[in-house]
Amino acid sequence: MAATASKPSDSPCTLVLCGKSAAENEIAKSLRDNAALKLAENDGVSVLLQSELDKPVEEGSFRVDSFVKSLSTNRFGRFLLWSPLLPSTHDVVSLNFGQLPVGSVCVADIQYKGRGRSKNLWESPKGSLLFSFTLQMEDGNVVPLVQYVVSLAVSEAIKEICDKNGLPFVDVRIKWPNDLYLNNLKVGGVLCTSTYRSKKFDVSVGIGLNVDNEKPTTCLNAFLKELSDVDYKFAREDILAIFFSKFEKFFDIFIDQGFQALEELYYKTWLHSGQRVIVQENNEDKVVENVVTIQGLTSSGYLLAVGDDCRMCELHPDGNRRKKKDSSLQEANYHWGVSL
Ligand code: BTN
(Lines give C-alpha, C1' and ligand atoms only; values in the text may rest on other atoms or scores of the structure.)
Protein backbone atom coordinates (compact mmCIF):
# COMPACT_ATOMS: atom_id res chain seq x y z
CA MET A 1 0.00 0.00 0.00
CA ALA A 2 1.68 3.23 -1.07
CA ALA A 3 0.90 6.94 -0.77
CA THR A 4 0.91 8.87 2.42
CA ALA A 5 -0.56 11.99 3.97
CA SER A 6 1.69 14.95 4.60
CA LYS A 7 1.98 16.76 7.88
CA PRO A 8 -0.56 19.58 7.61
CA SER A 9 1.22 22.18 9.75
CA ASP A 10 4.43 22.97 11.57
CA SER A 11 2.78 22.72 14.99
CA PRO A 12 4.07 19.80 17.08
CA CYS A 13 2.22 16.50 17.19
CA THR A 14 0.21 15.84 20.33
CA LEU A 15 0.39 12.69 22.44
CA VAL A 16 -2.39 12.12 24.98
CA LEU A 17 -1.46 9.67 27.76
CA CYS A 18 -3.88 7.55 29.72
CA GLY A 19 -3.55 4.54 32.03
CA LYS A 20 -6.01 1.86 33.06
CA SER A 21 -5.12 2.16 36.75
CA ALA A 22 -3.87 4.84 39.13
CA ALA A 23 -0.35 3.36 38.98
CA GLU A 24 -0.26 3.68 35.18
CA ASN A 25 -1.62 7.23 35.41
CA GLU A 26 1.25 8.10 37.74
CA ILE A 27 3.69 6.86 35.06
CA ALA A 28 1.88 9.05 32.53
CA LYS A 29 2.27 12.08 34.78
CA SER A 30 5.95 11.44 35.34
CA LEU A 31 6.63 11.01 31.58
CA ARG A 32 4.81 14.26 30.88
CA ASP A 33 6.49 16.20 33.72
CA ASN A 34 9.96 14.99 32.71
CA ALA A 35 9.42 15.59 28.97
CA ALA A 36 10.64 12.03 28.55
CA LEU A 37 8.93 11.19 25.25
CA LYS A 38 10.22 12.06 21.78
CA LEU A 39 9.20 11.67 18.15
CA ALA A 40 11.35 10.34 15.34
CA GLU A 41 11.40 13.80 13.82
CA ASN A 42 13.10 16.61 15.66
CA ASP A 43 10.05 18.83 15.55
CA GLY A 44 8.88 18.34 19.11
CA VAL A 45 5.87 16.77 20.68
CA SER A 46 3.27 18.12 23.02
CA VAL A 47 2.37 15.64 25.77
CA LEU A 48 -0.97 15.89 27.61
CA LEU A 49 -2.82 13.72 30.12
CA GLN A 50 -6.27 12.44 29.14
CA SER A 51 -7.56 13.40 32.61
CA GLU A 52 -6.55 17.02 32.02
CA LEU A 53 -7.96 17.54 28.52
CA ASP A 54 -10.07 20.67 28.69
CA LYS A 55 -11.87 20.53 25.36
CA PRO A 56 -13.68 17.68 23.61
CA VAL A 57 -11.70 15.86 20.93
CA GLU A 58 -12.73 16.08 17.28
CA GLU A 59 -15.65 13.92 16.09
CA GLY A 60 -14.42 10.54 14.84
CA SER A 61 -11.30 10.55 17.04
CA PHE A 62 -10.29 7.42 18.92
CA ARG A 63 -12.43 7.28 22.08
CA VAL A 64 -9.77 6.77 24.76
CA ASP A 65 -12.29 6.41 27.63
CA SER A 66 -14.33 3.82 25.80
CA PHE A 67 -11.21 1.72 25.04
CA VAL A 68 -9.84 1.94 28.58
CA LYS A 69 -13.24 1.00 30.03
CA SER A 70 -13.60 -2.06 27.76
CA LEU A 71 -10.05 -3.29 28.32
CA SER A 72 -9.84 -6.36 30.57
CA THR A 73 -6.17 -7.38 30.36
CA ASN A 74 -3.48 -7.64 33.01
CA ARG A 75 -0.51 -6.44 30.95
CA PHE A 76 -1.23 -5.37 27.38
CA GLY A 77 -2.85 -2.09 26.36
CA ARG A 78 -3.01 -0.70 29.91
CA PHE A 79 -0.81 2.29 29.13
CA LEU A 80 -2.11 4.24 26.13
CA LEU A 81 -0.62 7.00 24.02
CA TRP A 82 -3.15 8.43 21.58
CA SER A 83 -2.64 11.04 18.90
CA PRO A 84 -4.87 12.53 16.19
CA LEU A 85 -1.85 12.68 13.85
CA LEU A 86 1.57 11.10 13.97
CA PRO A 87 4.31 10.20 11.53
CA SER A 88 4.11 6.55 12.69
CA THR A 89 2.95 4.83 15.89
CA HIS A 90 5.73 2.33 15.25
CA ASP A 91 8.38 5.03 15.51
CA VAL A 92 6.83 6.32 18.73
CA VAL A 93 6.96 2.95 20.53
CA SER A 94 10.35 1.94 19.08
CA LEU A 95 11.99 5.23 19.96
CA ASN A 96 10.55 5.43 23.47
CA PHE A 97 10.62 1.70 24.23
CA GLY A 98 12.78 2.01 27.37
CA GLN A 99 10.60 4.75 28.90
CA LEU A 100 7.29 2.95 28.44
CA PRO A 101 5.83 0.11 30.54
CA VAL A 102 5.95 -3.21 28.63
CA GLY A 103 2.60 -3.70 26.87
CA SER A 104 2.09 0.04 26.19
CA VAL A 105 0.12 0.90 23.08
CA CYS A 106 0.27 3.93 20.81
CA VAL A 107 -2.81 4.65 18.65
CA ALA A 108 -3.07 7.30 15.92
CA ASP A 109 -6.13 8.41 13.94
CA ILE A 110 -3.93 9.26 10.95
CA GLN A 111 -0.27 8.58 10.16
CA TYR A 112 1.67 10.54 7.56
CA LYS A 113 4.69 8.22 7.45
CA GLY A 114 3.08 4.86 8.20
CA ARG A 115 5.59 2.03 7.88
CA GLY A 116 4.86 -1.22 6.11
CA ARG A 117 7.04 -4.28 5.70
CA SER A 118 9.99 -4.16 3.27
CA LYS A 119 10.27 -0.38 3.58
CA ASN A 120 6.82 0.12 1.99
CA LEU A 121 4.72 3.04 3.10
CA TRP A 122 1.48 2.15 4.87
CA GLU A 123 -1.47 4.24 3.75
CA SER A 124 -3.12 5.36 6.97
CA PRO A 125 -6.35 7.33 6.43
CA LYS A 126 -8.95 8.23 9.03
CA GLY A 127 -11.19 5.28 9.92
CA SER A 128 -8.37 2.75 10.05
CA LEU A 129 -7.14 1.24 13.28
CA LEU A 130 -3.45 2.13 13.50
CA PHE A 131 -1.51 1.03 16.54
CA SER A 132 1.81 -0.27 17.83
CA PHE A 133 2.59 -1.87 21.16
CA THR A 134 5.62 -3.07 23.08
CA LEU A 135 6.50 -6.53 24.31
CA GLN A 136 9.61 -8.28 25.58
CA MET A 137 10.82 -11.78 24.80
CA GLU A 138 13.76 -13.80 26.07
CA ASP A 139 14.09 -16.56 23.48
CA GLY A 140 15.33 -15.14 20.18
CA ASN A 141 14.43 -18.37 18.37
CA VAL A 142 10.74 -17.70 18.73
CA VAL A 143 10.72 -13.93 18.11
CA PRO A 144 10.00 -14.45 14.35
CA LEU A 145 6.85 -16.41 15.26
CA VAL A 146 5.21 -13.72 17.38
CA GLN A 147 3.80 -11.97 14.28
CA TYR A 148 1.69 -15.09 13.66
CA VAL A 149 0.30 -14.93 17.19
CA VAL A 150 -0.58 -11.27 16.57
CA SER A 151 -2.38 -12.02 13.26
CA LEU A 152 -4.33 -14.83 14.91
CA ALA A 153 -5.42 -12.54 17.74
CA VAL A 154 -6.74 -9.97 15.22
CA SER A 155 -8.77 -12.56 13.34
CA GLU A 156 -10.14 -14.08 16.57
CA ALA A 157 -11.03 -10.64 17.96
CA ILE A 158 -13.20 -9.90 14.91
CA LYS A 159 -14.87 -13.31 15.27
CA GLU A 160 -15.63 -12.66 18.93
CA ILE A 161 -17.20 -9.28 18.14
CA CYS A 162 -19.37 -10.92 15.46
CA ASP A 163 -20.45 -13.66 17.90
CA LYS A 164 -21.21 -11.26 20.74
CA ASN A 165 -23.29 -8.98 18.54
CA GLY A 166 -25.14 -11.63 16.54
CA LEU A 167 -23.42 -10.49 13.33
CA PRO A 168 -22.73 -12.60 10.28
CA PHE A 169 -19.26 -14.12 10.26
CA VAL A 170 -16.58 -11.67 9.05
CA ASP A 171 -13.86 -14.11 8.13
CA VAL A 172 -10.53 -12.25 8.34
CA ARG A 173 -7.86 -14.68 7.15
CA ILE A 174 -4.08 -14.68 7.42
CA LYS A 175 -1.96 -14.48 4.32
CA TRP A 176 1.49 -15.57 5.38
CA PRO A 177 3.61 -14.02 6.65
CA ASN A 178 1.84 -10.94 7.93
CA ASP A 179 -1.15 -9.88 5.83
CA LEU A 180 -4.79 -9.91 6.88
CA TYR A 181 -7.25 -10.64 4.10
CA LEU A 182 -11.00 -10.32 3.75
CA ASN A 183 -12.79 -11.54 0.67
CA ASN A 184 -9.53 -11.73 -1.35
CA LEU A 185 -8.50 -8.19 -0.47
CA LYS A 186 -5.88 -7.04 1.96
CA VAL A 187 -7.54 -5.31 4.94
CA GLY A 188 -4.62 -5.23 7.30
CA GLY A 189 -1.00 -5.97 8.01
CA VAL A 190 1.34 -6.69 10.90
CA LEU A 191 4.85 -5.31 11.30
CA CYS A 192 7.20 -6.61 14.01
CA THR A 193 10.66 -5.19 14.62
CA SER A 194 13.03 -6.05 17.45
CA THR A 195 16.25 -4.99 19.10
CA TYR A 196 18.33 -6.90 21.64
CA ARG A 197 18.99 -5.01 24.87
CA SER A 198 19.86 -6.13 28.42
CA LYS A 199 19.51 -9.83 27.53
CA LYS A 200 15.97 -9.34 26.19
CA PHE A 201 14.39 -8.73 22.81
CA ASP A 202 12.42 -5.49 22.76
CA VAL A 203 9.72 -6.16 20.18
CA SER A 204 7.63 -3.37 18.65
CA VAL A 205 4.45 -4.73 17.09
CA GLY A 206 2.51 -2.56 14.64
CA ILE A 207 -0.91 -3.28 13.17
CA GLY A 208 -2.92 -1.47 10.55
CA LEU A 209 -6.51 -2.61 10.01
CA ASN A 210 -9.03 -1.04 7.64
CA VAL A 211 -12.09 -0.72 9.85
CA ASP A 212 -14.10 2.18 8.41
CA ASN A 213 -11.93 3.35 5.50
CA GLU A 214 -12.89 1.94 2.12
CA LYS A 215 -9.66 3.18 0.56
CA PRO A 216 -7.17 1.88 -0.46
CA THR A 217 -8.78 -1.61 -0.63
CA THR A 218 -11.85 -2.40 1.42
CA CYS A 219 -12.72 -2.32 5.11
CA LEU A 220 -14.56 -4.36 7.69
CA ASN A 221 -17.58 -2.05 7.79
CA ALA A 222 -18.04 -2.00 4.01
CA PHE A 223 -17.90 -5.79 3.99
CA LEU A 224 -20.41 -6.06 6.85
CA LYS A 225 -22.80 -3.68 5.10
CA GLU A 226 -22.70 -5.80 1.97
CA LEU A 227 -23.19 -9.00 3.92
CA SER A 228 -26.31 -7.97 5.78
CA ASP A 229 -28.54 -5.04 6.63
CA VAL A 230 -27.68 -5.05 10.35
CA ASP A 231 -27.26 -1.61 11.79
CA TYR A 232 -23.85 -2.27 13.33
CA LYS A 233 -20.43 -0.80 12.72
CA PHE A 234 -17.17 -2.17 14.05
CA ALA A 235 -15.60 0.36 16.42
CA ARG A 236 -11.82 0.65 16.62
CA GLU A 237 -11.94 0.89 20.44
CA ASP A 238 -13.80 -2.46 20.78
CA ILE A 239 -11.52 -4.22 18.32
CA LEU A 240 -8.43 -2.98 20.14
CA ALA A 241 -9.71 -3.99 23.61
CA ILE A 242 -10.73 -7.48 22.46
CA PHE A 243 -7.55 -7.86 20.42
CA PHE A 244 -5.48 -7.37 23.59
CA SER A 245 -7.55 -9.96 25.54
CA LYS A 246 -7.00 -12.50 22.76
CA PHE A 247 -3.36 -11.60 22.35
CA GLU A 248 -2.59 -11.80 26.07
CA LYS A 249 -4.13 -15.28 26.22
CA PHE A 250 -2.37 -16.52 23.04
CA PHE A 251 0.96 -14.97 24.02
CA ASP A 252 0.98 -16.84 27.35
CA ILE A 253 0.20 -20.12 25.56
CA PHE A 254 2.92 -19.36 23.00
CA ILE A 255 5.57 -18.64 25.64
CA ASP A 256 4.60 -21.54 27.94
CA GLN A 257 3.84 -24.27 25.38
CA GLY A 258 5.31 -23.09 22.09
CA PHE A 259 3.64 -22.15 18.80
CA GLN A 260 2.56 -25.79 18.29
CA ALA A 261 -0.20 -25.23 20.85
CA LEU A 262 -1.73 -22.57 18.55
CA GLU A 263 -0.94 -24.24 15.24
CA GLU A 264 -4.29 -25.93 14.70
CA LEU A 265 -6.15 -22.63 15.05
CA TYR A 266 -3.51 -20.85 12.95
CA TYR A 267 -3.88 -23.31 10.07
CA LYS A 268 -7.68 -22.92 10.18
CA THR A 269 -7.18 -19.16 9.85
CA TRP A 270 -4.48 -18.92 7.21
CA LEU A 271 -5.10 -19.20 3.47
CA HIS A 272 -2.41 -21.68 2.51
CA SER A 273 -3.11 -25.29 3.47
CA GLY A 274 -2.68 -27.43 0.36
CA GLN A 275 -2.00 -24.36 -1.79
CA ARG A 276 0.09 -24.98 -4.91
CA VAL A 277 2.55 -22.27 -5.88
CA ILE A 278 5.38 -21.77 -8.35
CA VAL A 279 8.63 -20.83 -6.67
CA GLN A 280 11.96 -19.91 -8.10
CA GLU A 281 15.10 -21.76 -7.06
CA ASN A 282 18.58 -20.46 -7.79
CA ASN A 283 20.49 -23.48 -9.04
CA GLU A 284 24.13 -22.61 -9.75
CA ASP A 285 23.83 -20.02 -12.54
CA LYS A 286 20.26 -20.86 -13.50
CA VAL A 287 16.88 -19.92 -12.05
CA VAL A 288 14.63 -23.00 -12.01
CA GLU A 289 10.87 -22.85 -11.44
CA ASN A 290 9.29 -25.53 -9.24
CA VAL A 291 5.66 -26.25 -8.40
CA VAL A 292 5.29 -26.96 -4.70
CA THR A 293 2.42 -27.65 -2.30
CA ILE A 294 2.36 -25.85 1.04
CA GLN A 295 2.22 -28.13 4.07
CA GLY A 296 2.55 -25.79 7.06
CA LEU A 297 5.24 -23.85 8.89
CA THR A 298 8.78 -24.98 9.67
CA SER A 299 10.04 -24.66 13.26
CA SER A 300 11.74 -21.39 12.36
CA GLY A 301 8.49 -19.97 11.01
CA TYR A 302 9.04 -20.25 7.25
CA LEU A 303 6.70 -22.08 4.88
CA LEU A 304 7.16 -25.82 4.65
CA ALA A 305 6.40 -27.14 1.17
CA VAL A 306 6.77 -30.33 -0.83
CA GLY A 307 7.64 -30.34 -4.52
CA ASP A 308 5.96 -32.52 -7.16
CA ASP A 309 9.28 -34.43 -7.10
CA CYS A 310 8.71 -35.09 -3.33
CA ARG A 311 11.58 -32.80 -2.28
CA MET A 312 10.79 -30.90 0.94
CA CYS A 313 11.78 -27.25 1.11
CA GLU A 314 11.47 -24.09 3.14
CA LEU A 315 10.00 -21.07 1.35
CA HIS A 316 10.99 -17.51 2.21
CA PRO A 317 8.89 -14.42 1.55
CA ASP A 318 9.73 -11.99 -1.23
CA GLY A 319 9.58 -8.34 -0.29
CA ASN A 320 7.07 -7.43 -2.94
CA ARG A 321 4.28 -9.11 -4.82
CA ARG A 322 5.00 -10.81 -8.17
CA LYS A 323 2.42 -11.36 -10.86
CA LYS A 324 1.14 -14.91 -11.11
CA LYS A 325 1.82 -16.53 -14.45
CA ASP A 326 -0.64 -19.40 -14.27
CA SER A 327 -4.20 -18.91 -13.02
CA SER A 328 -4.43 -22.45 -11.61
CA LEU A 329 -1.59 -21.62 -9.25
CA GLN A 330 -1.47 -19.09 -6.45
CA GLU A 331 0.40 -15.82 -6.58
CA ALA A 332 3.99 -16.80 -5.93
CA ASN A 333 5.47 -14.17 -3.69
CA TYR A 334 7.82 -16.64 -2.04
CA HIS A 335 11.09 -18.10 -3.17
CA TRP A 336 12.87 -21.36 -2.54
CA GLY A 337 14.84 -20.92 0.69
CA VAL A 338 16.46 -24.18 1.79
CA SER A 339 16.03 -27.78 0.63
CA LEU A 340 15.19 -29.98 3.64
C1 BTN B 1 2.51 -4.54 6.20
O2 BTN B 1 3.41 -4.13 5.45
O3 BTN B 1 1.60 -5.25 5.77
C4 BTN B 1 2.53 -4.16 7.65
C5 BTN B 1 1.86 -2.81 7.87
C6 BTN B 1 1.83 -2.35 9.31
C7 BTN B 1 1.23 -0.97 9.41
C8 BTN B 1 1.04 -0.51 10.83
S9 BTN B 1 -0.05 0.84 10.95
C10 BTN B 1 0.35 1.05 12.63
C11 BTN B 1 1.83 0.81 12.75
N12 BTN B 1 2.55 2.02 12.49
C13 BTN B 1 3.27 1.97 11.38
O14 BTN B 1 3.97 2.89 10.94
N15 BTN B 1 3.15 0.77 10.81
C16 BTN B 1 2.28 -0.09 11.59
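Just so we're clear, the structure is a prediction, and the values are computed from it rather than from any experiment.

Undergrad: In this structure, what is going on with the packing of helix 6 (residues 236-257) against helix 7 (residues 260-269)? I would like to understand it.
TA: How two helices pack is summed up by the angle between their axes together with the distance between the axes. Taken N-terminus to C-terminus, the directions of helix 6 and helix 7 make an angle of 130°; their axes are 8 Å apart at the nearest point. Taken together, the axis directions place helix 6 and helix 7 in an arrangement best described as oblique. Here Phe 250, Ile 253, Phe 254 and Gln 257 of helix 6 come into contact with helix 7, specifically with Gln 260, Ala 261, Leu 262 and Leu 265. Among the residues making up the contact of helix 6 with helix 7, the classes are represented as 6 nonpolar, 2 polar and no charged.

Undergrad: Can you help me understand unusual backbone geometry in this one?
TA: Leaving glycine aside, a negative phi is the common case for residues, and trans is the common case for peptide bonds. For the bond from Trp 176 to Pro 177, the omega torsion is 5°, close enough to zero to count as cis. Its place among the elements puts Pro 177 in the loop between strand 6 (173-175) and strand 7 (179-182). Residue Lys 215 is joined to Pro 216 through a cis peptide bond whose omega torsion reads 5°. Within the secondary structure, Pro 216 is located in the loop between strand 9 (200-210) and helix 5 (220-227). The residue Lys 199 is not glycine, and still its phi comes out positive at about 65°.

Undergrad: Explain the layout of surface pockets to me, please; I cannot follow it from the model alone.
TA: Taking a probe equal in size to a water molecule and rolling it over the atoms shows the remaining empty space. Of the volumes computed, that of the second largest pocket is approximately 400 Å³. Taken together, 19 residues make up the lining of the second largest pocket; nearest its centre are Thr 14, Leu 48, Trp 82, Pro 84 and Leu 85. For the lining of the second largest pocket, the elements supplying multiple residues, two or more each, are strand 1 (13-19) and strand 3 (79-86). Class assignment for the residues of the lining of the second largest pocket results in 11 nonpolar, 4 polar and 4 charged.

Undergrad: Sorry, what's going on with the sheet that holds strand 3 here?
TA: Whenever strands of a sheet pair, they do so through backbone hydrogen bonds, lying parallel or antiparallel. Taken together, the 9 strands give an open sheet; going across it, the order is 2-1-3-4-5-9-8-7-6, and neighbouring strands pair in mixed fashion. Whereas interior strands pair on both sides, the edge strands pair on one side only; in this sheet they are strand 2 (45-49) and strand 6. Along the sheet, successive strands turn relative to each other by an average axial angle of 25°, direction set aside. With 10 bridges connecting them, strand 5 (residues 128-137) and strand 9 associate as antiparallel partners. Pairing of Phe 133 across the sheet is with Val 205, part of strand 9. Against the sheet, helix 1 (residues 22-33) makes contact with strand 1, strand 2 and strand 3, and its axis sits at roughly 150° relative to strand 1, the strand it touches most. The sheet strands contacting helix 4 (residues 146-164) are strand 5, strand 6, strand 7, strand 8 (185-197) and strand 9, and the helix crosses strand 9 at an angle near 35°.

Cut-offs applied
Residues numbered from 1 in each chain as written. Predicted model: local features only at pLDDT ≥ 70, side-chain atom pairs only at ≥ 80, totals over all residues. Heavy atoms only, no water. Axes fitted to C-alpha atoms, helices over the stretch in contact; angles between N-to-C directions. Helix = DSSP H or I, 4+ residues; strand = E, 2+ residues; numbered from the N terminus. Parallel < 35°, antiparallel > 145°, perpendicular 65-115°, else oblique. Contact = heavy atoms within 4.5 Å. Nonpolar A, V, L, I, M, F, W, Y, C, P; charged D, E, K, R; others polar. 1 Å grid on protein atoms, 1.4 Å probe; cavity = no way out; pocket = protein on both sides within 12 Å on 5 of 7 lines; lining within 4 Å. Points joined across faces, edges and corners; volume = space filled by probe spheres on them. Pairing = 2+ DSSP bridges.

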